[in-house]
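# Survey of secondary and tertiary structure
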Amino acid sequence: MPESWFDLSSADKAEALEVAAGRGGRPAHLLEKDIWVVWALAAIYNSPLGNTLTFKGGTSLSKVYKVIDRFSEDIDLTYDIRALVPDMLRDGNPIPATASQEKKITIAVRDRLPGWIEQAVTPVIESALADGDLHAELSVAGKDSDKLIISYPAIKTGTGYAGATIQLEFGARATGEPHQRHLVACDIAPLIE
């Protein structure tokens, strides 16, 4: 995604989204949402957080591996359990030795993850927004407060089914290994070259 997208006027963004929607068949508001998905991934993986997070789930299967062709709006990320609860792991081994240890680790992860999101992730997203002079609201959600929601000002809106939000959903019950870095591009990119 060219960094210049966010420098375009609202009218130019709307026109580009409509042209791309006509060429690609995906609704303009979903193409816009995808731009924000890629922006969020860039914000995370261009920060030190990227060293301890693994991008997984349907969005990664679509955006990185191209094994499914569907639009995904949430970003599933695994934070390395060894970084979140090192004191709970026997000799750094992320595999619990007993069911009792597994339960204790699960409780510790649920307890610590919201604080880590607030202290480590939120500032990274806020800084990336400020650096780009972008305006979006951040909020924590989920029954375990394990999701960070980015609400962005939409240029295009759809039926209401897919709102102008990106959901970063965090887990920390694995190491995330194996993992490697990949390039991720916006769906709109080849449609407006």
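Preceding this section is the structure that the text describes.
The shown structure was predicted, so the numbers you read here are calculated from the model rather than taken from an experiment.

Once that is clear, we can look at the sheet that holds strand S4 (residues 147-151). Across a sheet, strands are paired by hydrogen bonds formed along the backbone, either parallel or antiparallel in direction. One open sheet accounts for five strands, arranged S1-S2-S5-S4-S3; its pairing is mixed. Because the sheet does not close on itself, it has two edges, and the strands there are strand S1 (53-56) and strand S3 (137-141). Averaged over all adjacent pairs, the angle separating strand axes in this sheet is 25°, with direction ignored. Bridge count between strand S2 (residues 74-80) and strand S5 (residues 165-174): six bridges; the pairing is parallel. Residue pairing across strands places Asp 80 opposite Ala 174, the latter belonging to S5.

Let us now look at a nonpolar patch on the surface. Together, Leu 61, Tyr 65 and Val 67 make up a nonpolar patch on the protein surface, roughly 290 Å² of accessible area in all. You can see Tyr 65 is positioned in the loop between helix H3 (57-63) and S2.

On to helix H5 (residues 99-131), then. An α-helix turns once every 3.6 residues. As a result, residues three or four positions apart point the same way. Here H5 contains 33 residues, and its C-alpha end-to-end distance of 45 Å stays within 8% of the 48 Å for a straight helix at 1.5 Å per residue. Considering bend angle alone, the principal kink of H5 is centred on Ile 117 and spans about 35°. One or two positions beyond H5, positive phi appears at Asp 133, with a value near 55°.

Ranked by internal contacts, the top residues of the largest apolar core, which has 51 residues, are Trp 39, Leu 53, Ile 75, Trp 116, Ile 125, Leu 168 and Phe 170. Secondary-structure elements contributing two or more residues to this core are helix H1 (10-24), helix H2 (28-45), S1, S2, helix H4 (81-84), H5, S4 and S5. With twelve residues, H2 is the single largest residue contributor to this core. Ignoring sequence-local partners within four residues, the contact set of Ile 75 consists of Val 37, Ala 40, Leu 41, Phe 55, Ile 166, Gln 167, Leu 168 and Glu 169.

Moving on, we come to the packing of H2 against H5. Relative orientation of the contacting elements H2 and H5 amounts to 115°, with a least axis distance of 9 Å. Taken together, H2 and H5 sit at an angle that is classed as roughly perpendicular. At the point where H2 passes H5, the crossing takes the right-handed sense. In this structure, H2 uses Trp 36, Trp 39, Ala 43 and Ile 44 to contact H5, whose residues at the interface are Val 124, Ile 125, Ala 128 and Leu 129. Partitioning the contact of H2 with H5 into residue classes produces eight nonpolar, no polar and no charged.

Turning next to the packing of H1 against H2. Relative orientation and spacing of two packed helices are given, respectively, by the angle between their axes and the distance between those axes. Put simply, H1 and H2 touch, their axes get as near as 8 Å, and they point 110° apart. It follows that H1 is roughly perpendicular to H2 by the angle criterion. The crossing of H1 and H2 is right-handed. On H2, the residues touching Leu 17, Glu 18, Ala 20 and Ala 21 of H1 are Ala 28, Leu 31, Glu 32 and Ile 35.

About the cut-offs
- Throughout this document, residue positions are counted from 1 along each chain, in the order its sequence is written.
- Predicted model: local features are reported for residues with pLDDT of at least 70 only, side-chain atom pairs are reported and counted for 80 or more only, and whole-chain, interface and lining totals are derived from all residues.
- In computing side-chain properties, one takes all heavy atoms of the structure into account and sets aside hydrogens as well as water.
- Criterion used throughout: strands pair if DSSP finds at least two bridges between them.
- Helix numbering and strand numbering both begin at the N terminus, where a helix is a DSSP run of H or I of at least 4 residues and a strand a DSSP run of E of at least 2.
- Here an angle of 0 to 180 degrees is reported between the N-to-C directions of two axes, which are lines fitted to C-alpha atoms, with helices fitted over the stretch in contact.
- Residues qualify for a patch when their relative accessible area is over 30% and they have no salt bridge, like charges being joined within 9 Å and the nonpolar side chains of Val, Leu, Ile, Met, Phe, Trp and Tyr within 5 Å.
- Areas reported here follow the Shrake-Rupley algorithm with a probe of radius 1.4 Å; residue values treat only the protein chains shown as occluding.
- The working definition used for a salt bridge is a side-chain nitrogen of Lys or Arg within 4 Å of a carboxyl oxygen of Asp or Glu.
- Helix span, expected: 1.5 Å multiplied by one less than the number of residues in the helix.
- Note on bend: the value at a residue is the angle between axes fitted to the seven residues ending there and to the seven starting there.
- Joining through side-chain atoms within 4.5 Å is the link that ties buried Ala, Val, Leu, Ile, Met, Phe, Trp, Tyr and Cys residues into a set, and such a set is a nonpolar core.
- With a 1.4 Å probe rolled over the protein chains alone, any residue whose accessible area is under 20% of its type maximum counts as buried; one over 50% counts as exposed, and the rest are partly exposed.
- Whether two residues touch is decided by their heavy atoms; if any such pair falls within 4.5 Å, the residues are in contact.
- Roughly parallel means an angle under 35 degrees; roughly antiparallel, over 145; roughly perpendicular, 65 to 115; everything else is oblique.
- By convention, the crossing between two helices is left-handed when the near helix turns anticlockwise from the far helix through less than a right angle, and right-handed when the turn is clockwise.
- Three classes are used: nonpolar for Ala, Val, Leu, Ile, Met, Phe, Trp, Tyr, Cys and Pro, charged for Asp, Glu, Lys and Arg, and polar for all others, with Gly counted as polar.

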